[in-house]
Amino acid sequence: MPTAVEYARKEYPRFVEELKTLLRIPSVSTLPEHKGDVRRAAEALVAELKRIGMENVRLIEGAGHPLVYGDWLHADGKPTCLCYGHYDVQPPDPLDEWLSPPFEPTERDGNIYARGAVDDKGQMYMHVKALESLFAAHDGKLPLNIRVILEGEEEVGGESIAKFVREHPEQLKADFALVSDTEMFAPELPTVCVGLRGMIYTEIEARGAKTDLHSGIYGGAAPNPFVALAQIIAQLKDKDGQILIPGFYDRVQKPSPDELKAWRNLPFDEEYYRNTEVGSTQLTGEPGYSVIERTWARPTLDVHGMPGGFTGAGAKTVIPAKAVAKVSMRLVPDMEPQEAFAQYKSYVESLKPAGIELDVRLIHSGDPIVVGTDNAYIRAATVALKQVWNKETVFIRGGGSIPIVGDFERHLKIPTVLMGFGLPDDNLHAPNEKFHLANFYRGIESIITFFEEVGK
Ligand code: BES
Ligand code: MN
Ligand code: MN
């Protein structure tokens, strides 16, 4: 009988075709018109988990998109792993910047291009294929106990899974969680992520006149909500990127000297990052902090869009009655989302220009997290990664957020191993998202080896 890794190697062409089938489903969780597609992706995963031999496979319905659950709990005396992933994706726009359509997965120079290729369908599917390979090589058994939980709302804040974890911790009882939804620090450099930023995502709605007005007839007398938002936003940060919300930094923890030292030893080329990854003339942010510190260990504030008014081609002379700004903040340990939002809301309200009504809303939030590295599961991960990649693991943090990881710690009281195989140039959330196929393969082998190591 082949080993699990040998089985996977033989089946890679089929694994890739299956992944493409999943990537063709436009499961964009934030767009109501894709609700049916999100469900179709969930149902496809239910069918696949059943097919490979998982048990108790089902959809868990909630207020939003369904969760997918399955387990296999017959490895007596062995640890239980909770495998987490998300099958929803970000919207694909701007469409005209894609070299091949976002939902027609296309292979080019060793990569598979599609929305969700790496975030997170491709990475989540590595877990499924690692489990399939282990079942095949171990006579229909696994070397450890497994629960799989997949969500369809990660990209919109993950409310359903958070509620499920809070209300039914016993149904997800495990010794640790495995999440593959992060990046490697550099190609060929096996990486375990040990920290994620939290976030609060907000909207500021500004209202002026009771209806849209002719800007010639009323300009000079009627308040303009866009100008009001611009004035407010301009006071959220100073020109160095320092956030001006009173109290905002009070709980911010400095990374430990050991962590800072390890970060300084990572192979980071700031000029390459500026020119090739970011592609801007200059990098911005707080003076006195490295790029790594600014993106992993400092809170930030960004504006994502300002819907409202006239945005079509050409010109329309209107004073819009209302305008909205979508503003988010990334949080770091030990900031608390509810407190940060309260500080932000009262500051924004204090900046309200004359004649404007404001509504400051929280859309979603998630806790920042740092996971300890001193546990048997992280050690098993580094052993497995060494075997597959033939290099020592680097520990990094991620600037992004995966809200449920904090809940795993808080409500399930388990550590999470964040073992991701994305690359820095994978274009997450952007046009031409890709997954490097070699990483898909070696990711599967890493997960197989990790599970075998944990089950030893
Ligand atoms: N997989 C990402 C988060 C990520 C990416 C972490 C790279 C570390 C490195 C996740 O799907 C994501 O995009 N999360 C959102 C969360 C939000 C919508 C609550 C994010 O970070 O914007
Ligand atoms: Mn993700
Ligand atoms: Mn994402």
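This paragraph deals with the coordination of the manganese ion (ligand 2). Bound to the manganese ion (ligand 2) on the protein side are His 86 (NE2), Asp 119 (OD), Asp 181 (OD) and Asp 181 (OD), at distances that span 1.9 to 2.3 Å. Given 6 donor atoms and angles of 58 to 164° at the metal, the environment of the manganese ion (ligand 2) is assigned as irregular. The distance between the manganese ion (ligand 2) and the manganese ion (ligand 3) is 3.6 Å, with Asp 119 acting as a donor to both metals. Residue His 86 is located in strand E3 (residues 80–86), and its partner Asp 181 is located in the loop between strand E7 (176–179) and strand E8 (191–196); the two are separated by 95 residues in the primary sequence. For the pair shown, His 86 and Asp 181 are each scored as buried.

To continue, consider the domain arrangement of the chain. Split by domain assignment, the chain resolves into domain 1 (4–196 + 368–455) and domain 2 (198–252 + 299–365). Centre-to-centre separation of domain 1 and domain 2, based on C-alpha positions: 35 Å. Each partner contributes residues to the interface: domain 1 has 11 residues there, and domain 2 has 9 residues. Counting the surface lost from both domain 1 and domain 2, the interface buries some 650 Å², and carbon and sulfur atoms represent 60% of this. Ranking the residues of domain 1 by area buried against domain 2 places Gly 157, Pro 368 and Ser 401 at the top, with a combined share of 61%. The interface formed by domain 1 and domain 2 holds 0 salt bridges in total. Where domain 1 touches domain 2, the interface holds 1 residue pair in polar contact (both at pLDDT 80 or more). Partitioned by chemical class, the residues of the side of domain 1 that touches domain 2 number 6 nonpolar, 4 polar and 1 charged.

This part is about the site of ligand 1. In the vicinity of ligand 1 there are 16 residues, among which Glu 154, Asp 181, Arg 330, Ser 401 and His 429 approach most closely. Glu 154 has a polar side-chain atom sitting 2.7 Å from an oxygen atom of ligand 1. Take Asp 181: an N or O atom from its side chain is 2.8 Å from a nitrogen atom of ligand 1. When isolated, ligand 1 has an accessible area of 520 Å², and the protein chains bury 91% of it. Residue composition of the shell around ligand 1, by class: 5 nonpolar, 6 polar and 5 charged. In terms of domain composition, the shell around ligand 1 takes at least three residues from each of domain 1 (4–196 + 368–455) and domain 2 (198–252 + 299–365).

Now for helix H11 (residues 376–389). Its 14 residues give H11 an end-to-end C-alpha distance of 20 Å, which sits within 8% of 20 Å, the value for a rise of 1.5 Å per residue. Listed as buried for H11 are Tyr 377, Ile 378, Ala 380, Ala 381, Ala 384, Leu 385, Val 388 and Trp 389. Along the long axis of H11, the arc covered by the buried residues comes to 155°, so they all point the same way. Tucked inside the fold, the buried residues of H11 contact E7, E8, strand E16 (394–398), strand E17 (416–418) and helix H13 (437–454). Positive phi appears at Asn 390, one or two residues downstream of H11, with a value of about 60°.

Rules used in this analysis
- Residues numbered from 1 in each chain as written.
- Chains lettered and ligands numbered in written order.
- Predicted model: local features only at pLDDT ≥ 70, side-chain atom pairs only at ≥ 80, totals over all residues.
- Heavy atoms only, no water.
- Donors = N, O, S within 2.8 Å, 3.2 Å for Na, K, Ca; no water.
- Tetrahedral: all angles 85-135°; square planar, octahedral: opposite > 155°, others 65-115°.
- Helix = DSSP H or I, 4+ residues; strand = E, 2+ residues; numbered from the N terminus.
- Buried < 20%, exposed > 50% of the residue type's maximum accessible area, 1.4 Å probe, protein only.
- Domains from an automatic or database assignment.
- Contact = heavy atoms within 4.5 Å.
- Buried area = accessible area lost by both parts, 1.4 Å probe.
- Salt bridge = Lys/Arg side-chain N within 4 Å of Asp/Glu carboxyl O.
- Polar contact = N/O pair within 3.5 Å; in protein donor to acceptor, adjacent residues only side chain to side chain.
- Nonpolar A, V, L, I, M, F, W, Y, C, P; charged D, E, K, R; others polar.
- Near = heavy atom within 4 Å.
- Areas by Shrake-Rupley, 256 points an atom, 1.4 Å probe, with all protein chains shown as cover.
- Expected span 1.5 Å × (residues − 1).
- Arc of directions from axis to C-beta.

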